[in-house]
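# Fold and contact review
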Amino acid sequence: MEDLNPFHIAQTQYARAARYIRASDGLLENLRRPERTIRIDFPVKMDDGTIQVFTGYRVQHNNARGPFKGGVRYHPGVTEDEVKALASWMTWKTAVMDIPFGGAKGGVVCDPKRLSTEEKRAITRRYVSQLGSAIGPMIDIPAPDVYTDATTMAWIFDTYDMTHKGQNNLPVVTGKPLELGGSHGRATATARGCIFCVEEAIARGLVEGVRSLAGARVVVQGFGNAGAFAARFAHRAGAKVIAASDSSGAVLAPAGLDPEQLMAHKKQKGSVVGFPGSSVLGGAEVLELECDVLIPAALENQITAANAERVRAKLVAEAANGPTTPAADEVLHRRGIPVIPDILANGGGVTVSYYEWVQNIQDEQWDEERVEGKLRKKMVNAFHAVFDIATERKLEPRTAAYVLALDRVTRVTELRGIWP
Ligand code: NAD
C-alpha cells in the first residue's frame, strides 16, 4: 500500500533533493522538521446553544528568509501531519518564488458546509485569539486556503486588531477584502500564476505537440478559488476547458465549457454538476481524460500509484498543494509527462500576498496592472530557474524546485549563523 501521509510524502520529496545540497547533515535534518507545532482545542457556542470543541493547528516550519507565511484551511480531514506538510511546502514555495517569507500553515478540523456564517466567525475568532501573539505582521501571516476566503481573513484581521491595539495590523493577514486592505489581483493570483507557468511550459516546448494555450484542451479538478479562475484564464487565452469537477462530481463538454457561466451555475446550485450542455462524469475520471493540460486544484493525493498510469494529459500543472504522490511522480516522469510542481505552479497566491503585505506596510494600494506585471515577472523567473536546474542536472521538476529552494534557505541560514 502506498503511504499517503502528507508529511511522510513531504519528507520523501525533501530527501530526493537534499542529497544534491551542500550543507551540513545537521542543518538538513533541521529543515526536515517544522520549528514549532501549535495545537489548540477550543470551545465554540453553536447556533443551537450547545458547546462544541474544535481542534486547530498552526505549524511554523521555517523563518530563516522572513516571517512565517501560509494559509488557513477549514476541512474535516485536517490533521497535524497534513498541516506540517503544507507548512513545509510554504517554506520551499516562498524560496522558489524568491519572496522574503518563511513557511507556515494553519487548519481547523471542521466541516464548513455544515456551519452557519455565525459559527464560522466564532471558530475563526476563538482560533485567532488563542493563537495570540504567535501570529503578527512581522511574525506569522495567515492567508486563505481550502474553504476559507476574504471574509474569513477580515475576521482574522479584526480579531487580531481588537487584541493588539495601537499599531498598523493590516499586514497580519493577506487575502483580505479590497475594502479592508486587500490587494487587487489577490483572489485570482494563484490561478494567474498557474496559467503563466503553463504558458511558459508550452513556450519552452515541454508540452508535446502544443504550441499555444489557444486551442489546448484543459481539464480542471476542483472548481474552487484556484481551479475556477485557472479555467477562466485558460479560456480567455483561447483554451478549451473540456471538463471540471468539485466535491460533488464532474462535468464534461468536449466542445468546451464557459468558465464564467459554470461559476455562476456553481454559485447558484452549489456544484458544477448539472451544468447545461454538459454530461456527467465520475469525480475520479477527470484525472484520466485525454487532454493537453491537467490542472489538479482540489486537495492532496489525487494522482497516486493507483491511477498515474492512466493519466492521459501532456502536462500536469499543480494548482493544488500535494496532488501528486512520490510514486506517481516516478510514473509520470518515466512516461514523459512533465509536472509543474505545486511549490512553483501555485506560488502566485503567496506572491501577491507578499505584495498585499508590502502595500499594507507602505499604506498604498497598487492597481491591478502593476500587481499583475510584477507577478508575471516573478512567475516567469521562478519557472525558468526551476526548469533550467531540471534540464542541467537531469532532475524531475519537483526535485529541481526543491533543490532551488533548499539552496536558498540553507544559504541564508549559513549567512545568518546559528544563534546563540
Ligand atoms: P476552495 O475551497 O476555493 O476550492 C476547493 C475546491 O475543490 C472546491 O470547489 C471543492 O468542491 C473542490 N473539491 C474538494 N474535494 C474535492 C474532490 N475530492 N474532488 C474534486 N474537487 C474537490 O480552495 P482553494 O483555495 O481553491 O484551494 C484549492 C487548492 O489550491 C488547495 O490544495 C490549496 O492548498 C491550493 N492553493 C490555494 C491557494 C489560494 O490562494 N487559495 C494558494 C495556493 C494553493
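What follows is about the domain arrangement of the protein chain. If you check the domain split of the protein chain, you get domain 1 (34–167) and domain 2 (189–337). Placing the centre of domain 1 and that of domain 2 at their C-alpha centroids yields a distance of 28 Å. Listed as interface residues are 11 residues of domain 1 and, on the opposing side, six residues of domain 2. Across the domain 1 to domain 2 interface the summed buried area is about 560 Å²; carbon plus sulfur atoms make up 45%. The interface formed by domain 1 and domain 2 includes one salt bridge. Here E300 and R73 are joined by a salt bridge, their closest N and O atoms 2.7 Å apart. Here domain 1 and domain 2 share three residue pairs in polar contact (both at pLDDT 80 or more) between them. Residue contributions to the side of domain 1 that touches domain 2 peak at four residues, all from helix α3 (residues 80–97). Per-class residue counts for the side of domain 1 that touches domain 2 are four nonpolar, one polar and six charged.

Here helix α4 (residues 117–131) contains 15 residues, and its C-alpha end-to-end distance of 21 Å stays within 8% of the 21 Å for a straight helix at 1.5 Å per residue. Of the residues making up α4, those classed as buried are E119, I123, T124, Y127, V128 and L131. All buried residues of α4 project into a common sector of 155 degrees when viewed along the axis, lining one side. Of the surrounding secondary structure, the elements contacted by the buried residues of α4 are β1 (36–45), β2 (51–62), β3 (68–75), β4 (103–109) and α5 (150–163). Of the residues trailing α4, G132 is marked for its positive phi of about 55 degrees.

Another point: the state of the cysteines. A full pass over the atoms with the stated rule returns zero disulfides. In this model C194 remains outside any disulfide bridge; the closest cysteine sulfur is found in C197, 6.6 Å from its own.

What follows concerns the environment of I303. By secondary structure assignment, the location of I303 is in the loop between β10 (290–296) and β11 (312–317). Residues I303 and D329, 26 residues apart in the sequence, show an inter-C-alpha distance of 8.5 Å. Contacts of I303, omitting those with residues within four sequence positions, involve L287, L294, P296, A308, V311, V316, P323, T324, T325, A328 and L332.

Moving on to the sheet that holds β10. One open sheet accounts for seven strands, arranged β9-β8-β7-β6-β10-β11-β12; its pairing is mixed. With one partner strand each, in any of the chains shown, β9 (279–281) and β12 (339–340) form the two edges of the open sheet. Two elements, strand β7 (residues 240–246) and strand β8 (residues 249–257), share five bridges in a ladder whose sense is antiparallel. Considered in β8, the bridge of S245 is made with A250.

Summarising the element assignment, L299 is placed in the loop between β10 and β11. Here the alpha-carbon distance between L299 and F387, two residues 88 residues apart in the chain, equals 24 Å. Every residue in contact with L299, bar those within four places of it in the chain, is listed here: R73, H75, V146, A320, N321 and P323.

We now examine unusual backbone geometry. Across the junction of W419 and P420, the peptide omega takes the value 10 degrees, indicating a cis bond. Here P420 shows up in the segment after α13 (397–416). With a phi angle near 60 degrees, D98 is a residue other than glycine that sits in the positive phi range. Examined against the element boundaries, D98 turns out to sit in the loop between α3 and β4. Not every positive phi belongs to a glycine, and N301 is a case in point at roughly 55 degrees. Structurally, the position occupied by N301 is in the loop between β10 and β11.

If you check the shell around the ligand, you find 23 residues, and the closest are D145, T190, N225, A226 and N321. In this structure, R186 approaches the ligand through a side-chain N or O atom, which is 3.3 Å from an oxygen atom. With respect to the ligand, the backbone of A226 contributes an N or O atom lying 2.8 Å from an oxygen atom. Protein coverage of the free-state accessible area of the ligand, which is 820 Å², stands at 88%. Only α7 (225–236) and β7 provide two or more residues apiece to the shell around the ligand. Residue-level mapping places the shell around the ligand at the junction of two domains, with at least three residues from each of domain 1 (34–167) and domain 2 (189–337).

Attention now moves to the sheet that holds β1. Sheets are built from strands paired through backbone hydrogen bonds, the pairs being either parallel or antiparallel. Pairing within the open sheet is mixed, and its five strands lie in the order β1-β2-β4-β3-β5. Looking at which strands have only one partner, the edges of the open sheet turn out to be β1 and β5 (140–144). The sheet shows a mean angle of 25 degrees between the axes of neighbouring strands, taken without regard to direction. Pairing geometry for β1 and β2, over 10 bridges, is antiparallel. Residue pairing across strands places T37 opposite V59, the latter belonging to β2. Where α4 meets the sheet, it contacts β1, β2, β3 and β4, and its direction lies at approximately 140 degrees from that of β1.

Cut-offs and rules
Residues numbered from 1 in each chain as written. Predicted model: local features only at pLDDT ≥ 70, side-chain atom pairs only at ≥ 80, totals over all residues. Heavy atoms only, no water. Domains from an automatic or database assignment. Contact = heavy atoms within 4.5 Å. Buried area = accessible area lost by both parts, 1.4 Å probe. Salt bridge = Lys/Arg side-chain N within 4 Å of Asp/Glu carboxyl O. Polar contact = N/O pair within 3.5 Å; in protein donor to acceptor, adjacent residues only side chain to side chain. Helix = DSSP H or I, 4+ residues; strand = E, 2+ residues; numbered from the N terminus. Nonpolar A, V, L, I, M, F, W, Y, C, P; charged D, E, K, R; others polar. Expected span 1.5 Å × (residues − 1). Buried < 20%, exposed > 50% of the residue type's maximum accessible area, 1.4 Å probe, protein only. Arc of directions from axis to C-beta. Disulfide = S-S within 2.5 Å. Pairing = 2+ DSSP bridges. Near = heavy atom within 4 Å. Areas by Shrake-Rupley, 256 points an atom, 1.4 Å probe, with all protein chains shown as cover. Axes fitted to C-alpha atoms, helices over the stretch in contact; angles between N-to-C directions.

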